[in-house]
Amino acid sequence: GIYRLPVLVLSYPWADPFHPDRAGHLLQQLSPILETMLATAQDERQTGHGTKGCGNKYQTVGVFLDYTALPQEPRAENEAEAFKK
């Protein structure tokens, strides 16, 4: 079958040097977007719209947050070199 996964990719500066969103402001702003993405994916599964055969009862969405995947400052020397690439 054909499968797809809606993905939201976020890249943004940290709110402070020790935490990307300490007060949760970004999460509050993102929640409606994530809820809409999930509802749309689930609706396409239930109605049969969208890519034929793409859904299942566990339809979901993907989220990539760069702060969990990329080294933040202060970086070790090898991290700084890798970050430049």
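Okay, so let's go over this structure. (Residues numbered from 1 in each chain as written. Predicted model: local features only at pLDDT ≥ 70, side-chain atom pairs only at ≥ 80, totals over all residues. Heavy atoms only, no water.)

**Overview of the overall build of the chain**
Note the cut-off: The helix count covers DSSP runs of H or I at least four residues long, the strand count covers runs of E at least two residues long, and both are numbered beginning at the N terminus. Only protein chains enter the calculation, and the probe is 1.4 Å; a residue is then buried if its accessible area is under 20% of its type maximum, exposed if over 50%, and partly exposed in between. Between two residues, a contact is recorded if the distance between any of their heavy atoms is within 4.5 Å. Here, Shrake-Rupley sampling with a 1.4 Å probe gives the accessible areas, and only protein chains in the shown set may cover a residue.
Check the secondary structure of the chain and you find 3 helices and 2 strands. Along the chain direction, N to C, the helices and strands of the chain fall in the order β-α-β-α-α. The buried share of the chain, taken over its 85 residues, is 16%. Sequence-distant contacts, at least 24 apart, represent 62% of the contacts inside the chain between residues at least 6 apart. Accessible area for the chain stands at about 6,600 Å²; split by element, carbon and sulfur atoms hold 57% of it.

**As for the pairing of strand E1 (residues 7-10)**
Operational definition: Only when DSSP finds a minimum of two bridges between them are two strands counted as paired.
Here E1 shows a clear split, with Leu8 and Leu10 buried on one side and none of Val7 and Val9 buried on the other. Where E1 lies against strand E2 (residues 62-65), 4 bridges are found, and the strand directions are parallel. From the neighbouring strand, Val9 faces E2, where its bridge partner is Phe64.

**A word on the pattern of salt bridges**
Stated precisely, the cut-off is as follows: Throughout this description, the term salt bridge denotes a Lys or Arg side-chain nitrogen within 4 Å of a carboxyl oxygen of Asp or Glu.
Throughout the structure, instances matching the rule amount to 1 salt bridge. Measuring nitrogen to oxygen at the nearest pair gives 3.5 Å for the salt bridge that ties Glu81 to Lys84. In this pair, Glu81 and Lys84 are both assigned in helix H3 (residues 77-84), 3 residues apart and thus about one turn of the helix distant.

**A word on the nonpolar core**
Taken as a class, soluble globular proteins show a tendency for nonpolar side chains to be buried jointly. Short version of the rule: Residues belong to one nonpolar core when they are buried, are Ala, Val, Leu, Ile, Met, Phe, Trp, Tyr or Cys, and are joined through side-chain atoms within 4.5 Å.
Counting 7 residues, the largest nonpolar core consists of Leu8, Leu10, Tyr12, Leu30, Met37, Ala41 and Val61. Those elements that provide at least two residues to this core are E1 and helix H1 (25-47). Among the elements that take part in this core, H1 stands out by supplying 3 residues, more than any other. Residues within four places of Leu10 in sequence aside, it is in contact with Leu30, Phe64, Leu65 and Asp66.

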